[in-house]
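Descriptive structure summary
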Amino acid sequence: MQVNKIKLALGLVAALPLVAFAAADQESALKDANNWAHPRGQHNNNGYSALAQINKGNVKNLKAAWTFATGVNRGHEGSPVVVGNMMYVHTAFPNNVYALDLNDNQKIVWSYFPKQDPSVQAVLCCDNVSRGLGYGDGKIYLQQNDGMLVALDAKTGAKVWDVKNTDPKVGATNTNAPHVIKDKVLTGCSGAEFGVRCFIAAYNLKDGSLAWKAFSTGPDSEVLIGADFNKENPSYSALSVYEDVNGGNKQGGSFKKAANDSLKIGEKELGTRTWLKPQAVKDGWQHGGGSVWGWWPYDARTNLVYYGTGNPSVWNPDVRPGDNKWSMTIFARDLDTGVAKWGMQMTPHDEWDYDGINEVILFDKGGKTYAWHHDRNGFIYTWQAGNGTLVAAEKVHPFVNWATDVDLKTGVPSKLATASTHQDYNAKGVCPAALGTKDQQPAAYSPKTGLMYTPLNHVCMTYEPVESKYVAGQPWVGATLTMFAGPDGVMGGFGAYDPMTNKKVWYNKEKFSAWGGALTTASNIVFYGTLDRWFKAVDAQNGKELWKFQVGSGVIGNAFTYGNKGKQYVGVLSGIGGWAGVAMNLGMTNDTDALGAAGGYKELTKYNAAPGGGALNVFSL
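This text gives an overview of the structure that appears in the document. (Residues numbered from 1 in each chain as written. Predicted model: local features only at pLDDT ≥ 70, side-chain atom pairs only at ≥ 80, totals over all residues. Heavy atoms only, no water.)

**Concerning the overall build of the protein chain**
The line we're drawing: Going along the chain from the N terminus, every DSSP run of H or I of four or more residues is numbered as a helix, and every run of E of two or more is numbered as a strand. Residue exposure (1.4 Å probe, protein chains only): buried if accessible area is under 20% of the type maximum, exposed if over 50%, otherwise partly exposed. Note on areas: Shrake-Rupley, 1.4 Å probe, and residue coverage restricted to the protein chains presented here. Here Asp and Glu are counted as negative and Lys and Arg as positive; His is not counted, and neither are the chain ends. A charged residue contributes its charge at one atom only: NZ of Lys, CZ of Arg, CG of Asp or CD of Glu.
Looking only at helices and strands, the protein chain has six helices and 42 strands in total. Each principal axis of the C-alpha atoms in the protein chain carries an extent, and together these give about 70 × 50 × 50 Å. Evaluated residue by residue, the protein chain yields a buried proportion of 66% over its 621 residues. When the accessible area of the protein chain is evaluated, it comes to approximately 19,800 Å², of which 51% is carbon and sulfur surface. Each charge sign in the protein chain was given a centre, from 57 positive and 54 negative side chains, and these centres are 5 Å apart.

Right under this line is the structure:
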């Protein structure tokens with residue numbers, strides 16, 4: 001019966017559209033629900049599995065099946081990749097890779113130990129994390145923290161090729177999982193806290209040669225803005241979306257949303273023209289940040305890939321007047337050329353480090369495909385995926401207090417003067433905190449329930465921008481922060497939302513931020529992990545807790561599932577870290593250390609040893 005159920009699951013996955021991928025082995029693997037061959041399960045980023053052997057009736061019987069200590073401390077984000085009888089496990093820095101044989105007691109078939117300069121750890125913004133591996137064309141792809149993108153033979157672990165993607169000497173690093181799509185592998189760039197001008201890049205699977213690179217800021221020719229960019233929504237390409245109030249970028253100043261009929265729309269070269277003078281450095285866009293390190297979905301029907309860009313550099317908004325495009329933007333790009341089809345900036349002229357890097361999730365409804373995104377700024381967005389038309393934008397929780405609403409025509413939020421931040425002024429009680437209502441931990445979608453399931457941070461902050469000089473390779477933050485629990489009296493939660501309205505369906509409070517990525521299954525169960533070491537299963541329809549197990553360290557990894565020999569397994573990496581846990585891992589205790597994480601999350605030491613030890617935890621019936 002168990003095998004039959006899994007075969008049934010295979011049929012569900014096989015119904016997905018077929019595309020002539022160069023990575024034919026990946027294409028084949030993605031059709032088999034027993035695999036977890038993509039960082040988020042499938043190209044649509046749903047974090048969903050058609051496996052249903054573990055169901056609401058028996059989930060209470062889940063037991064530890066096996067564990068694997070990674071031998072590496074600190075934050076373990078992402079999840080392994082599973083293809084057939086092989087599981088590929090990654091670690092935090094130094095980004096080791098293990099290939100385990102699931103048919104032979106998880107015996108190590110091969111391992112890969114990168115030789116990275118330890119000094120790169122000092123350039124990583126928010127812990128020594130890696131978010132996973134890519135698979136395709138017979139290779140496993142690792143994006144090392146030091147910027148090297150490496151292709152390893154999936155059978156032997158031998159290096160096939162490598163290429164330098166970013167340069168830590170100027171503050172540029174990588175934490176993202178490589179995403180294999182068709183004949184390319186996509187990777188990003190971290191370094192907005194070091195004044196790096198970031199990008200997304202596509203490399204050819206066969207030899208690692210660069211196919212295209214699209215910067216987050218700069219001239220249209222370098223951002224790869226196409227001739228028909230934002231054709232259906234030209235107001236997304238407005239020259240300036242705010243009017244200064246009381247001088248704008250100075251103490252007492254703020255910003256009022258410009259009237260829609262006053263906007264200069266359909267403008268060009270906004271990646272340079274919205275960085276107004278004077279900047280902290282000449283031509284601020286050249287050090288404009290816009291990191292790219294999320295989870296990137298792909299729609300084979302339109303050939304579009306989706307991703308978000310991070311905060312503008314520097315965090316002090318007073319020294320970079322203007323909208324600062326195209327930071328804080330969701331882009332849809334043609335996979336083959338990199339040319340942008342549409343892009344919408346969610347937080348123009350960011351004043352709070354509300355990165356736009358969080359994942360995009362694709363889903364179908366009524367014959368149309370939509371793109372969904374829970375942004376760090378506290379709003380949840382839904383667009384028509386093909387043209388970027390915004391159909392819904394709502395606060396994820398009422399505690400979000402920096403803006404009242406988002407204009408559905410222009411995408412521009414109505415900022416509140418009470419939350420404006422300025423140099424040498426300590427803005428208090430701003431919600432959410434800089435780490436957002438959600439950080440890297442990806443949400444999940446269930447086509448069975450039609451709902452999105454998202455982890456939440458319920459954290460507020462004080463935020464004081466300060467003067468900071470740019471020096472290549474040195475931190476360039478320009479703000480001090482403290483963080484504290486929001487008005488609910490807890491620091492986190494987990495909820496279900498209707499993606500067509502972005503209204504809440506159910507919501508569970510959590511003591512700490514729910515920093516682990518979510519998994520949904522065909523049996524209407526949702527799995528996720530917490531910083532106080534719980535790995536939980538809840539009812540997808542009402543949020544009722546069905547099962548939980550306390551692992552060895554806090555969970556910031558993504559729940560995943562696979563099948564082997566007719567049996568379903570569910571697992572998660574543990575090993576506390578990330579922005580929430582980095583202060584604890586490094587023994588920092590001043591409230592403002594680690595950009596406020598030390599004070600906000602100081603109670604984590606009551607639940608976790610430091611530094612957190614990495615381990616893979618796998619469960620079955």
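On we go from here.
**Section: the nonpolar core**
Quick note on the threshold: By convention a nonpolar core is built from buried Ala, Val, Leu, Ile, Met, Phe, Trp, Tyr and Cys residues, the set being connected through side-chain atoms within 4.5 Å.
Counting residues in each nonpolar core, the largest one holds 59 residues, and the members touching the most others are Y381, W383, M461, L481, L531, W579 and Y601. The element that contributes the greatest number of residues to this core is helix 5 (residues 578-586), accounting for five residues. Counting 30 residues, the second largest nonpolar core, distinct from the first, contains V59, L62, A537 and V555.

**Here's the deal with the sheet that holds strand 23 (residues 368-374)**
Quick note on the threshold: Any two strands with at least two DSSP-identified bridges between them are counted as paired. Each axis is a line fitted through C-alpha atoms, and for a helix only the stretch in contact is used; angles between axes span 0 to 180 degrees, taken between their N-to-C directions.
Strand order in this open sheet of four strands is 22-23-24-25, and the pairing throughout is antiparallel. Only two strands of the sheet have a single partner each, and these edge strands are strand 22 (361-365) and strand 25 (390-395). On average, each strand axis in the sheet is inclined to that of its neighbour by 20°, with strand direction left out of account. Relative to strand 25, strand 24 (residues 379-384) runs antiparallel, the two being bridged by five bridges. If you follow I380 over to strand 25, its bridge partner there is E394.

**Some remarks on the state of the cysteines**
Note the threshold: The criterion for a disulfide is a pair of cysteine sulfur atoms lying within 2.5 Å.
For the coordinates displayed, the defined rule picks out three disulfides. The disulfide that involves C125 links it to C126, with 2.1 Å between the sulfurs. The exposure class of C125 is partly exposed, given its relative accessible area of 38%. C189 shares a disulfide with C198; S-S distance 2.1 Å. Classification of the bridge connecting C189 and C198 rests on its S-S torsion, roughly -60°, and on that basis the disulfide is left-handed. Accessibility assignment for this pair places C189 and C198 in one class, buried. What links to what in the protein chain: the bonded cysteines, counted in sequence order, pair as 1-2, 3-4, 5-6.

**Looking at the pattern of salt bridges**
We apply this condition: What counts as a salt bridge is simple: a side-chain nitrogen of Lys or Arg found within 4 Å of a carboxyl oxygen of Asp or Glu.
Summed over the entire model, instances satisfying the criterion amount to 28 salt bridges. A salt bridge links R301 to D299; its shortest N-O distance comes to 3.0 Å. Close ionic contact of K511 with E603 constitutes a salt bridge, the shortest N to O distance being 3.6 Å. Note that K511 is positioned in the loop between strand 34 (503-510) and strand 35 (519-521) and E603 in the loop between helix 6 (597-600) and strand 42 (613-620), a separation of 92 residues in sequence. In this structure E603 comes out as partly exposed when scored by relative accessible area, which is 33%. Connected through salt bridges with shared partners, the residues D353, D355, R376 and D439 form a single ionic network.

**Remarks on the sheet that holds strand 10 (residues 148-153)**
Taken in spatial order, the four strands make up an open sheet running 8-9-10-11, and their pairing is antiparallel. Two strands lie at the open edges of the sheet, namely strand 8 (133-136) and strand 11 (159-164), each paired on one side alone. Here the average twist between neighbouring strands, direction ignored, is 20°. Relative to strand 9 (residues 139-143), strand 8 runs antiparallel, the two being bridged by four bridges. Bridge pairing in strand 9 places Y135 opposite I140.

**Focus on unusual backbone geometry**
In this structure, the amide linkage connecting K277 to the following residue, P278, adopts the cis form with an omega of -10°. If you trace the backbone, P278 turns up in the loop between helix 4 (270-273) and strand 18 (298-299). Of the consecutive residues C431 and P432, the connecting peptide bond is found in the cis state with omega at 5°. With respect to the helices, strands and loops of the structure, P432 is situated in the loop between strand 28 (427-430) and strand 29 (444-446). Phi at H349 takes a positive value of approximately 45°, unusual for a residue other than glycine.

**What about the packing of aromatic side chains?**
We count it as follows: Geometry of aromatic contacts follows a simple scheme: Phe, Tyr and Trp rings, the Trp one being its six-membered ring, pair when their centres are within 6.5 Å, and the pair is stacked under 30 degrees between planes, edge-to-face over 60, tilted otherwise.
Within this structure, the stated rule accounts for 34 aromatic pairs. Their ring planes at 15° and their centres at 6.3 Å tell us that W315 and Y463 sit as a pair that is stacked. Of this pair, W315 sits in the loop between strand 19 (304-308) and strand 20 (329-334) while Y463 sits in strand 31 (residues 459-465); the two residues are 148 residues apart in sequence, bridging distant segments of the chain. Across this residue pair, the class does not change: W315 and Y463 are buried. Aromatic rings pair up to connect Y306, W342, W352, Y354, F379, Y381, W383 and W402 into one cluster.

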